[in-house]
Amino acid sequence: MTQKIAVLPGDGIGPEIIEQAVRVLTALGESFEIDQAPVGGAAYEAAGHPLPPETLALAQASDAVLFGAVGDWKYDSLERRLRPEQAILGLRQSLKLFANLRPAILYPELANASSLKPEIVSGLDIMIIRELTGDIYFGQPRGVRTSPDGPFAGEREGFDTMRYAESEIRRIARVGFETARKRSRKLCSVDKANVLETFQFWKDIVTEVGKEYPDVELTHMYVDNAAMQLARAPKQFDVIVTGNMFGDILSDLAAMLTGSIGMLPSAALNDGGQGLYEPSHGSAPDIAGKDIANPLATILSAAMMLRYSLNKPAQADRIEAAVKKVLSQGLRTADIFETGTTKIGTAAMGDAVLKA
Ligand code: NAI
Ligand code: MG
C-alpha cells in the first residue's frame, strides 16, 4: 500500500525548510503519496482558520505528517482560537499524539556551537520522551477561586490538578522501553516521587511495565537532579521518559546543550504509529524569505518519520548519514557557521544533502 505523507509547510521559514525536506524525501525513490495543505497563519489567510477541515482531514488520512512551523507576530491580536499556534494543538488532540520524541544530538563537527565544554557534549546523542496529553497541563479542575481552606482560606488562589491515569503511564512507558530497545537499552524514568503522589504512582507503574522488558536497564531519577545531571554530564543518559511538564522543561534544556536549534528534529506519536514530525524551532519570522534558514532540523524530522511511522529505518539512516557528511564537508548555514567553514543558504544546504 502506498504510504501517505501530509506536508503542512505553515508560516515564516516553514515553506522554505519544508521544500528542502520534500526534495530529500522524493529523492529516496520510494512511492510515497505526498500532499500539501495550508496550516497556521497561511491557512488563516486562505481559509479563515489555522486548521481548516480539509487540512485536518488530510492529516487524519495520512500515515505521517511533516510539519514546518506556524506563527507570526502579525497574528498576535487575533482571538486565541484563530491564532496559528492553535493548529498544532488541534492536530495533537485530534490525532491523539501522546508521545513526544525529542532527540538532542550534537554532531562532533558542531561541538563548538554549545555553550558547554566540548568534552562534556561532543558526540551527545540522547532521546527525551515527553508525555504530551496529560499531567498538570490538562488535569481538571483548574482555575482561580476563593481558597476553601488552609492558611490562605478566603483569599483568591490559582490552582491546577496534576494527574496521570494508569493507562496513560503504561503507554508512554512502553514507548520509552521500545525506543530504548532500538538504541542502547538504557531507560531513565524521571519523576518527583519524593514529593508528588502522581509521580510515586508513575514510578510504580513504569517499574511494573519494566518487567516486560528485562533486556532494558531501567533507572529512576528525580527531576531536579536530572536537570543538574543534564547540564553536568549529559552523556550518562541515553533515553529519558518523563511526564508532560518535566519533559517540557528538560527537553528545552537538552536542546540548548547542543546550541543549535536549527539542527533538532522532533516527533509526536500516537498509539497506531501515526506521527507528526517537525523541527523543534518555530517559524523564525525574523529570517523568513531570505534563504538563510537551516533546513537540517526539518530534513532530520523527515528521517525520524521514516524510522518511527513509515518503517523505513534504512532510508532514515541514509538521510542522517548524508547530513553528517555535509557537516564534515564544512558546509554550514548561518546559524551554525564558524570560521574555517563555508557559509551556504537554505536551498544550497538542500542541494548538498541531496548530493551526499
Ligand atoms: P523561533 O524558534 O522561531 O526562533 C528563535 C530564534 O532562532 C530566532 O532568532 C530565529 O531566527 C532562530 N531560528 C529558528 N529556527 C531557525 C533555523 N531553522 N535556522 C536558523 N535560525 C533559526 O522562536 P520564536 O522567535 O520564539 O517564535 C517565532 C514564532 O514561531 C512565534 O510565532 C512562535 O509562536 C512560533 N513557534 C512555533 C512553533 C511550532 O510551529 N511548533 C514552535 C515554537 C515557536
Ligand atoms: Mg517548550
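Residues numbered from 1 in each chain as written. Chains lettered and ligands numbered in written order. Predicted model: local features only at pLDDT ≥ 70, side-chain atom pairs only at ≥ 80, totals over all residues.

S.K.: Looking at this structure, I do not really get the overall build of the protein chain. What am I missing?
M.R.: Helix and strand counts for the protein chain come out as 12 helices and 14 strands. Here the C-alpha radius of gyration of the protein chain, 21 Å, is about what a compact globule of 356 residues would show, namely 21 Å. Counting only C-alpha atoms and orienting by the principal axes, one finds that the protein chain spans roughly 65 × 50 × 45 Å. For the protein chain, the residues scored as buried account for 46% of the 356 residues in total. For the protein chain, the share of sequence-separated contacts (at least 6 apart) that also reach a separation of at least 24 residues comes to 74%. (Helix = DSSP H or I, 4+ residues; strand = E, 2+ residues; numbered from the N terminus. Rg over C-alpha atoms; globule rule 2.2 N^0.38 Å. Buried ≥ 20, exposed ≤ 12 C-beta atoms within 10 Å, placed from the backbone. Contact = placed C-beta atoms within 7 Å.)

S.K.: I keep staring at the site of ligand 1 and nothing clicks. Help me out?
M.R.: Taken together, 22 residues surround ligand 1, and among them G71, G262, H281, G282 and N294 come closest. In terms of residue class, the shell around ligand 1 is built from 11 nonpolar, 6 polar and 5 charged. (Near = placed C-beta within 6 Å. Nonpolar A, V, L, I, M, F, W, Y, C, P; charged D, E, K, R; others polar.)

S.K.: It is not clear to me how unusual backbone geometry should be interpreted in this structure. Could you clarify?
M.R.: Across residues other than glycine, the phi torsion is negative in most instances, and most of the peptide bonds are trans. Residues Q140 and P141 are joined by a peptide bond in cis, for which omega reads -5°. Position of P141 among the secondary structure elements: in the loop between β5 (125–131) and β6 (143–146). The backbone of A284 shows a phi angle near 40°, a positive value even though the residue is not glycine. The class of A284 is buried, set by 24 C-beta atoms lying within 10 Å. In this structure, N311 is a non-glycine residue whose phi angle is positive, near 55°. Assignment of secondary structure puts N311 in the loop between α10 (296–308) and α11 (313–328).

S.K.: What is the right way to look at α11 in this model?
M.R.: Along an α-helix, residues three or four positions apart point the same way, because every turn accommodates 3.6 residues. If you check α11, its first and last C-alpha atoms are 22 Å apart, about what 16 residues at 1.5 Å a residue would give, namely 22 Å. Buried within α11 we find A316, I319, V323, V326 and L327. Projected onto a plane normal to the axis of α11, the buried residues spread over an arc of 105° and lie on a single side. Opposite its buried face, α11 presents the exposed residues A314, A321 and S328, each directed more than 90 degrees away. Taken together, the buried residues of α11 touch α1 (14–27), α10, β13 (331–332) and α12 (346–355). (Expected span 1.5 Å × (residues − 1). Arc of directions from axis to C-beta.)

S.K.: Honestly, the nonpolar core in this entry has me stumped. Any pointers?
M.R.: Of all hydrophobic cores here, the largest spans 102 residues; its most connected members are V65, L66, I129, I240, Y277, I299 and A302. Ranked by the residues each element gives to this core, the list is headed by α10, at 10 residues. Of the residues that make up this core, three or more belong to each of domain 1 (1–101 + 264–356) and domain 2 (115–258). Not counting residues within four places of it along the chain, the set of residues in contact with I240 comprises I126, I128, I129, C188, V190 and L250. (Core = buried A, V, L, I, M, F, W, Y, C linked by C-beta atoms within 7 Å. Domains from an automatic or database assignment.)

S.K.: Honestly, the UniProt feature "site: Important for catalysis" (unreviewed entry) in the protein chain in this entry has me stumped. Any pointers?
M.R.: Under the present numbering, the feature "site: Important for catalysis" (unreviewed entry) in UniProt falls on Y137 and K192. Assignment of secondary structure puts Y137 in the loop between β5 and β6. Its 15 C-beta neighbours within 10 Å are what place Y137 among the partly exposed residues. Ignoring sequence-local partners within four residues, the contact set of K192 consists of F199, Y222 and V223. (UniProt positions renumbered as here; feature names shortened; annotations may be inferred.)

S.K.: Help me understand the environment of D351, please; the structure alone is not making it clear to me.
M.R.: Turning to its location among the elements, D351 is positioned in helix α12. Taking the C-alpha atoms as reference points, D351 and L187, 164 residues apart in sequence, are found 37 Å from one another.

S.K.: How should the confidence of the model for the protein chain be read in this particular structure?
M.R.: For residues with low pLDDT, the predicted coordinates do not support detailed interpretation. Summing up the model confidence of the protein chain, the mean pLDDT is 95 and the portion of residues at 70 or higher is 100%. Scoring the predicted complex yields pTM 0.91 and, for the interface, ipTM 0.97. (pLDDT = per-residue confidence, 0-100.)

S.K.: Please clarify how the pairing of strand β8 (residues 186–191) should be interpreted in this entry.
M.R.: Along a regular strand, successive side chains alternate from one face of the sheet to the other. The buried count for β8 comes to 5 of 6 residues, which makes it a mostly enclosed element. Alignment of β8 against strand β9 (residues 217–222), held across 6 bridges, turns out to be parallel. Bridged to V190 within β9 is M221. Regarding the hand of the β-α-β motif, the stretch spanning β8, helix α7 (residues 197–210) and β9 is right-handed. (Pairing = 2+ DSSP bridges. Right-handed = clockwise from strand over helix to strand, strands pointing away.)

S.K.: Would you explain the sheet that holds strand β12 (residues 275–279) in this entry?
M.R.: With mixed pairing, the 10 strands of this open sheet are ordered in space as β2-β1-β3-β12-β11-β4-β5-β10-β8-β9. Edge positions in the sheet fall to β2 (33–36) and β9, since each has one partner strand and no second. Neighbour to neighbour, the strand axes of the sheet diverge by 20° on average, direction disregarded. Helix α9 (residues 244–258) rests against β4 (99–105), β5, β8 and β10 (239–242) of the sheet, and its axis sits at about 155° to β5. (Axes fitted to C-alpha atoms, helices over the stretch in contact; angles between N-to-C directions.)

S.K.: Any chance you could explain the domain arrangement of the protein chain here in plain terms?
M.R.: How big an interface is tends to be stated in terms of accessible area lost as the parts join. Each assigned domain of the protein chain is listed with its residue range as follows: domain 1 (1–101 + 264–356) and domain 2 (115–258). Opposite the 11 residues of domain 1 that make contact, domain 2 presents 12 residues. The set of elements that each furnish at least two residues to the side of domain 1 that touches domain 2 consists of β4 and β11 (265–269). If you tally residues by element for the side of domain 1 that touches domain 2, the top one is β4, at 3 residues. When grouped by side-chain class, the residues that make up the side of domain 1 that touches domain 2 number 7 nonpolar, 2 polar and 2 charged.

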